[in-house]
Amino acid sequence: MKKTAFITGATSGIGMATAKLFAKNGVKLILCGRRKDRLKNLSETLSALTEVFTLSFDIRNKEEVFAAVESLPKAFSAIDILINDAGNAHGMDTIDEGNTNDWDAMLDINVKGLLYVSKAIIPKMIERKSGHIINIGSTAGKEVYPKGNVYCASKHAVDAINKGMRLDLNGKGIKVGAINPGLVETEFSQVRFKGDSERAEKVYQGYTPLKPEDIADVIWFAVTRPPHVNIADLTVMCLDQASSTIVNKKG
Ligand code: 8X3
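Quick caveat: nothing in here was measured; it's all calculated off a predicted structure.

1. Side note on unusual backbone geometry
Glycine aside, the phi torsion of most residues is negative, and most peptide linkages are trans. Phi at Lys129 takes a positive value of approximately 55°, unusual for a residue other than glycine. Tracing the backbone through its elements, the reader meets Lys129 in the loop between α4 (100–128) and β5 (131–136). Phi at Lys194 takes a positive value of approximately 50°, unusual for a residue other than glycine. By secondary structure assignment, the location of Lys194 is in the loop between α6 (188–192) and α7 (197–203).

The following block contains the structure:
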(Lines give C-alpha, C1' and ligand atoms only; values in the text may rest on other atoms or scores of the structure.)
Protein backbone atom coordinates (compact mmCIF):
# COMPACT_ATOMS: atom_id res chain seq x y z
CA MET A 1 0.00 0.00 0.00
CA LYS A 2 1.15 3.49 -0.84
CA LYS A 3 2.02 5.63 2.18
CA THR A 4 0.59 9.10 2.69
CA ALA A 5 2.72 11.89 4.15
CA PHE A 6 1.59 15.23 5.57
CA ILE A 7 4.39 17.81 5.36
CA THR A 8 4.24 21.24 6.99
CA GLY A 9 6.54 23.97 5.73
CA ALA A 10 6.53 22.27 2.32
CA THR A 11 6.98 25.47 0.30
CA SER A 12 10.69 25.90 1.01
CA GLY A 13 13.89 24.41 2.40
CA ILE A 14 13.87 21.05 4.13
CA GLY A 15 10.10 20.61 3.71
CA MET A 16 10.27 21.13 -0.03
CA ALA A 17 13.31 18.87 -0.48
CA THR A 18 11.52 16.17 1.53
CA ALA A 19 8.37 16.55 -0.57
CA LYS A 20 10.42 16.11 -3.76
CA LEU A 21 12.24 13.03 -2.47
CA PHE A 22 9.02 11.46 -1.18
CA ALA A 23 7.33 12.15 -4.54
CA LYS A 24 10.18 10.42 -6.42
CA ASN A 25 9.55 7.39 -4.22
CA GLY A 26 5.81 7.38 -4.88
CA VAL A 27 4.65 8.61 -1.45
CA LYS A 28 1.22 10.31 -1.59
CA LEU A 29 1.60 13.88 -0.41
CA ILE A 30 -0.35 16.44 1.54
CA LEU A 31 1.67 19.61 1.16
CA CYS A 32 1.04 22.41 3.62
CA GLY A 33 2.12 26.02 3.67
CA ARG A 34 0.91 29.59 3.81
CA ARG A 35 1.96 30.60 0.30
CA LYS A 36 -0.70 29.39 -2.14
CA ASP A 37 1.30 30.25 -5.29
CA ARG A 38 4.28 28.21 -4.13
CA LEU A 39 2.06 25.32 -3.10
CA LYS A 40 0.39 25.37 -6.50
CA ASN A 41 3.72 25.33 -8.38
CA LEU A 42 5.14 22.53 -6.24
CA SER A 43 1.96 20.52 -6.54
CA GLU A 44 1.94 20.88 -10.33
CA THR A 45 5.54 19.64 -10.54
CA LEU A 46 5.15 16.73 -8.14
CA SER A 47 1.78 15.59 -9.51
CA ALA A 48 3.73 14.03 -12.39
CA LEU A 49 5.26 11.64 -9.85
CA THR A 50 2.58 11.01 -7.23
CA GLU A 51 -0.86 12.03 -5.95
CA VAL A 52 -0.72 15.43 -4.30
CA PHE A 53 -3.18 17.42 -2.21
CA THR A 54 -2.39 20.92 -0.95
CA LEU A 55 -3.59 22.64 2.20
CA SER A 56 -2.99 26.32 2.73
CA PHE A 57 -3.45 27.53 6.30
CA ASP A 58 -1.84 29.70 8.93
CA ILE A 59 -0.28 27.30 11.41
CA ARG A 60 -0.61 29.98 14.14
CA ASN A 61 -4.38 29.81 13.90
CA LYS A 62 -5.69 26.67 15.61
CA GLU A 63 -9.18 26.88 14.06
CA GLU A 64 -7.59 27.02 10.60
CA VAL A 65 -5.31 24.08 11.39
CA PHE A 66 -8.12 21.82 12.62
CA ALA A 67 -10.45 22.86 9.77
CA ALA A 68 -7.72 22.17 7.19
CA VAL A 69 -7.00 18.67 8.49
CA GLU A 70 -10.76 18.01 8.75
CA SER A 71 -11.22 19.07 5.11
CA LEU A 72 -8.96 16.33 3.73
CA PRO A 73 -10.72 14.13 1.17
CA LYS A 74 -11.11 10.46 2.07
CA ALA A 75 -8.30 9.40 -0.26
CA PHE A 76 -5.85 11.51 1.78
CA SER A 77 -7.33 11.14 5.26
CA ALA A 78 -5.26 8.16 6.45
CA ILE A 79 -1.96 9.86 7.25
CA ASP A 80 0.97 7.47 7.70
CA ILE A 81 3.78 10.01 8.08
CA LEU A 82 3.68 13.48 9.62
CA ILE A 83 6.69 15.71 9.00
CA ASN A 84 6.51 18.64 11.41
CA ASP A 85 8.85 20.91 9.50
CA ALA A 86 7.22 24.37 9.60
CA GLY A 87 9.41 26.66 11.66
CA ASN A 88 11.36 29.87 11.44
CA ALA A 89 13.77 32.14 13.24
CA HIS A 90 12.80 35.81 13.47
CA GLY A 91 15.52 38.23 14.46
CA MET A 92 18.75 37.57 16.35
CA ASP A 93 19.06 40.00 19.23
CA THR A 94 20.12 40.01 22.87
CA ILE A 95 17.30 39.30 25.28
CA ASP A 96 16.95 42.97 26.23
CA GLU A 97 16.75 44.09 22.61
CA GLY A 98 14.54 41.32 21.27
CA ASN A 99 11.35 42.23 19.41
CA THR A 100 8.27 40.81 21.13
CA ASN A 101 6.52 40.21 17.78
CA ASP A 102 9.50 38.07 16.75
CA TRP A 103 9.20 36.12 20.00
CA ASP A 104 5.49 35.57 19.40
CA ALA A 105 6.11 34.37 15.84
CA MET A 106 8.78 31.84 16.88
CA LEU A 107 6.81 30.44 19.80
CA ASP A 108 3.51 30.46 17.90
CA ILE A 109 4.85 28.77 14.75
CA ASN A 110 7.66 26.54 16.01
CA VAL A 111 5.95 25.33 19.18
CA LYS A 112 2.20 25.95 19.19
CA GLY A 113 1.76 25.36 15.45
CA LEU A 114 3.57 22.03 15.71
CA LEU A 115 1.30 21.09 18.62
CA TYR A 116 -1.92 22.06 16.79
CA VAL A 117 -1.02 20.06 13.67
CA SER A 118 0.02 17.06 15.77
CA LYS A 119 -3.18 17.19 17.84
CA ALA A 120 -5.25 17.29 14.66
CA ILE A 121 -3.54 14.20 13.23
CA ILE A 122 -2.52 11.94 16.15
CA PRO A 123 -6.03 10.67 17.16
CA LYS A 124 -6.51 8.98 13.77
CA MET A 125 -3.03 7.44 13.98
CA ILE A 126 -4.00 6.05 17.40
CA GLU A 127 -7.24 4.64 15.92
CA ARG A 128 -5.27 2.96 13.13
CA LYS A 129 -2.52 1.85 15.58
CA SER A 130 0.04 3.08 13.08
CA GLY A 131 1.87 6.23 12.12
CA HIS A 132 5.24 7.96 12.08
CA ILE A 133 5.86 11.50 13.33
CA ILE A 134 9.11 13.25 12.54
CA ASN A 135 9.69 16.52 14.36
CA ILE A 136 12.28 18.79 12.78
CA GLY A 137 14.26 20.20 15.68
CA SER A 138 17.64 21.90 15.51
CA THR A 139 21.06 21.99 17.08
CA ALA A 140 19.46 25.08 18.68
CA GLY A 141 17.23 22.64 20.55
CA LYS A 142 20.29 21.01 22.08
CA GLU A 143 22.34 24.09 23.02
CA VAL A 144 21.81 27.83 23.45
CA TYR A 145 23.98 30.38 21.66
CA PRO A 146 24.35 34.15 22.15
CA LYS A 147 21.36 36.07 20.77
CA GLY A 148 19.61 32.76 20.06
CA ASN A 149 17.53 33.01 23.26
CA VAL A 150 13.91 32.64 22.10
CA TYR A 151 14.65 30.69 18.90
CA CYS A 152 16.69 28.23 20.99
CA ALA A 153 13.87 28.11 23.54
CA SER A 154 11.40 27.23 20.78
CA LYS A 155 13.62 24.42 19.51
CA HIS A 156 14.30 23.17 23.05
CA ALA A 157 10.51 22.99 23.33
CA VAL A 158 10.40 20.89 20.15
CA ASP A 159 13.00 18.60 21.74
CA ALA A 160 10.82 18.23 24.86
CA ILE A 161 7.63 17.77 22.83
CA ASN A 162 9.33 15.07 20.75
CA LYS A 163 10.29 13.21 23.93
CA GLY A 164 6.84 13.75 25.44
CA MET A 165 5.05 12.50 22.31
CA ARG A 166 7.21 9.38 22.27
CA LEU A 167 6.40 8.65 25.92
CA ASP A 168 2.66 9.24 25.52
CA LEU A 169 2.34 7.33 22.24
CA ASN A 170 4.45 4.39 23.37
CA GLY A 171 2.52 1.15 22.91
CA LYS A 172 0.17 2.67 20.34
CA GLY A 173 2.09 1.60 17.23
CA ILE A 174 3.27 5.11 16.41
CA LYS A 175 6.91 6.03 15.82
CA VAL A 176 8.08 9.44 17.06
CA GLY A 177 11.48 10.89 16.35
CA ALA A 178 13.36 14.14 15.90
CA ILE A 179 15.88 15.12 13.24
CA ASN A 180 17.97 18.05 14.45
CA PRO A 181 19.84 19.87 11.68
CA GLY A 182 22.71 22.26 12.20
CA LEU A 183 23.51 24.86 9.56
CA VAL A 184 21.49 24.21 6.39
CA GLU A 185 21.53 26.70 3.55
CA THR A 186 17.87 27.63 3.02
CA GLU A 187 15.76 30.79 3.27
CA PHE A 188 16.14 30.41 7.04
CA SER A 189 18.66 33.25 7.46
CA GLN A 190 16.84 35.48 4.94
CA VAL A 191 13.78 35.22 7.18
CA ARG A 192 15.79 35.55 10.40
CA PHE A 193 17.51 38.71 9.15
CA LYS A 194 14.36 40.05 7.47
CA GLY A 195 15.68 40.20 3.93
CA ASP A 196 19.19 41.50 4.79
CA SER A 197 20.74 39.27 2.11
CA GLU A 198 24.34 40.24 2.86
CA ARG A 199 23.99 39.22 6.52
CA ALA A 200 22.08 36.08 5.55
CA GLU A 201 24.62 34.97 2.94
CA LYS A 202 27.52 35.46 5.40
CA VAL A 203 26.06 32.72 7.62
CA TYR A 204 26.88 30.16 4.93
CA GLN A 205 30.19 31.56 3.60
CA GLY A 206 33.68 30.11 4.09
CA TYR A 207 32.58 26.48 4.50
CA THR A 208 30.19 23.97 2.94
CA PRO A 209 26.87 24.00 4.83
CA LEU A 210 24.30 21.24 4.62
CA LYS A 211 21.76 21.40 1.81
CA PRO A 212 18.04 20.78 2.41
CA GLU A 213 18.44 17.60 0.33
CA ASP A 214 20.95 16.26 2.88
CA ILE A 215 18.30 16.44 5.59
CA ALA A 216 15.63 15.03 3.25
CA ASP A 217 17.91 11.99 2.76
CA VAL A 218 18.09 11.49 6.53
CA ILE A 219 14.31 11.81 6.83
CA TRP A 220 13.91 9.23 4.07
CA PHE A 221 16.29 6.92 5.95
CA ALA A 222 14.17 7.33 9.10
CA VAL A 223 10.87 6.54 7.35
CA THR A 224 12.22 3.50 5.52
CA ARG A 225 13.49 1.57 8.56
CA PRO A 226 11.86 -1.79 9.36
CA PRO A 227 8.66 -1.66 11.46
CA HIS A 228 10.47 -2.32 14.78
CA VAL A 229 13.11 0.44 14.30
CA ASN A 230 12.47 4.03 15.39
CA ILE A 231 15.05 6.77 14.85
CA ALA A 232 14.32 8.60 18.09
CA ASP A 233 16.67 11.56 17.95
CA LEU A 234 19.31 12.40 15.40
CA THR A 235 21.54 15.48 15.11
CA VAL A 236 23.07 16.27 11.73
CA MET A 237 25.81 18.83 11.10
CA CYS A 238 28.08 19.58 8.16
CA LEU A 239 31.74 18.56 8.37
CA ASP A 240 32.87 22.05 9.39
CA GLN A 241 30.36 22.53 12.21
CA ALA A 242 31.23 21.31 15.71
CA SER A 243 28.57 23.22 17.68
CA SER A 244 26.22 26.15 17.16
CA THR A 245 29.09 28.59 17.73
CA ILE A 246 32.07 26.60 16.42
CA VAL A 247 32.21 26.52 12.65
CA ASN A 248 35.50 26.10 10.80
CA LYS A 249 35.27 29.01 8.34
CA LYS A 250 38.01 29.83 5.86
CA GLY A 251 38.75 33.47 5.05
C1 8X3 B 1 18.97 26.40 12.56
C2 8X3 B 1 20.38 26.25 12.97
O3 8X3 B 1 22.44 27.33 14.02
O4 8X3 B 1 20.82 28.83 13.11
O5 8X3 B 1 18.06 25.77 13.37
O6 8X3 B 1 20.36 27.69 15.13
S7 8X3 B 1 21.00 27.59 13.83
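2. Quick word on helix α8 (residues 212–223)
Helix length check: α8 (twelve residues) gives 17 Å between terminal C-alpha atoms against 16 Å at 1.5 Å per residue, within 8%. At its buried positions, α8 is contacted by α1 (13–24), β4 (81–84), β5, β6 (174–181) and β7 (233–236).

3. Quick notes on the packing of α4 against helix α5 (residues 149–169)
Where α4 contacts α5, the two axes come as close as 8 Å, and the packing angle between them is 15°. Taken together, the axes of α4 and α5 are roughly parallel relative to one another. When the axes of α4 and α5 are compared, the crossing they make is right-handed. Note on element contacts: α5 touches α4 through Val150, Tyr151, Ser154, Lys155, Ala157, Val158, Ile161 and Met165, opposite Trp103, Met106, Leu107, Asn110, Val111, Leu114, Leu115 and Ser118. Looking at the contact of α4 with α5 residue by residue, the class counts come to twelve nonpolar, three polar and one charged.

4. Thoughts on the environment of Phe188
Turning to its location among the elements, Phe188 is positioned in helix α6. Among the residues examined, Phe188 registers 22 C-beta atoms within 10 Å and is labelled buried. Separated by 126 residues in the primary sequence, Phe188 and Lys62 have C-alpha atoms spaced 24 Å apart. Once you skip the residues sitting within four places of it in the chain, Phe188 turns out to touch Gly13 and Ala89.

Criteria and cut-off values
- Residues numbered from 1 in each chain as written.
- Predicted model: local features only at pLDDT ≥ 70, side-chain atom pairs only at ≥ 80, totals over all residues.
- Helix = DSSP H or I, 4+ residues; strand = E, 2+ residues; numbered from the N terminus.
- Expected span 1.5 Å × (residues − 1).
- Contact = placed C-beta atoms within 7 Å.
- Axes fitted to C-alpha atoms, helices over the stretch in contact; angles between N-to-C directions.
- Parallel < 35°, antiparallel > 145°, perpendicular 65-115°, else oblique.
- Left-handed = near helix turned anticlockwise from the far one by under 90°.
- Nonpolar A, V, L, I, M, F, W, Y, C, P; charged D, E, K, R; others polar.
- Buried ≥ 20, exposed ≤ 12 C-beta atoms within 10 Å, placed from the backbone.

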